[in-house]
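Architecture and fold: a report
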Amino acid sequence: MNEEDVKLLKDNDWIVECESPFEIKHEDGDAFASGLVAQIVLDNLKHEKNNAFSEQDMHDCFNAGINRGINIAAIIMKRELDEEFPTYQEYMKKYDK
């Protein structure tokens with residue numbers, strides 16, 4: 001076990017009880033894992049850390065969604081992309097009758 005693994009566990013509220021056999025317990029005292037199960041917990045935390053969305057990833061996804069929404073709206077409303085689009089509230093007023 002290396003320092004990075006211990007830090008990752010600590011950052012997620014796990015305490016290393018023993019390295020051989022590998023045993024961890026959660027700080028709140030409600031969970032304990034030993035051996036293969038402890039390794040699965042650690043591997044899962046590593047996977048989450050390595051696959052987490054960064055703030056930039058989320059921003060890029062949001063912008064891609066907005067752009068796609070504008071394209072779909074242009075098609076539905078039969079408008080050019082450079083035209084001004086009404087807000088959702090303005091658009092829905094015609095159905096409020």
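To start, this report covers the structure provided alongside it. (Residues numbered from 1 in each chain as written. Predicted model: local features only at pLDDT ≥ 70, side-chain atom pairs only at ≥ 80, totals over all residues. Heavy atoms only, no water.)

A word on unusual backbone geometry
Across the junction of Ser 20 and Pro 21, the peptide omega takes the value 5°, indicating a cis bond. Its location among the elements puts Pro 21 in the loop between strand 1 (14-19) and strand 2 (22-26). For Asp 13, which is not glycine, the phi torsion reads 70° and is therefore positive. (Helix = DSSP H or I, 4+ residues; strand = E, 2+ residues; numbered from the N terminus.)

What to know about the side chain of His 26
Within the fold, His 26 resides in strand 2. Beyond its immediate chain neighbours, meaning those up to four positions away, His 26 contacts Asn 12, Asp 13, Trp 14 and Ala 31. (Contact = heavy atoms within 4.5 Å.)

Focus: the packing of helix 1 (residues 3-11) against helix 2 (residues 36-51)
One way to put it is that helix 1 packs onto helix 2 with a least axis distance of 10 Å and a crossing angle of 85°. One way to sum up the angle between helix 1 and helix 2 is to call them roughly perpendicular. Contacts between helix 1 and helix 2 pair Glu 4, Asp 5, Leu 8 and Leu 9 from the former with Leu 42, Leu 45, Lys 46 and Lys 49 from the latter. Here the residues of the contact of helix 1 with helix 2 sort into four nonpolar, no polar and four charged. (Axes fitted to C-alpha atoms, helices over the stretch in contact; angles between N-to-C directions. Parallel < 35°, antiparallel > 145°, perpendicular 65-115°, else oblique. Nonpolar A, V, L, I, M, F, W, Y, C, P; charged D, E, K, R; others polar.)

The quantities given are spatial measurements derived from coordinates; they are silent on function.
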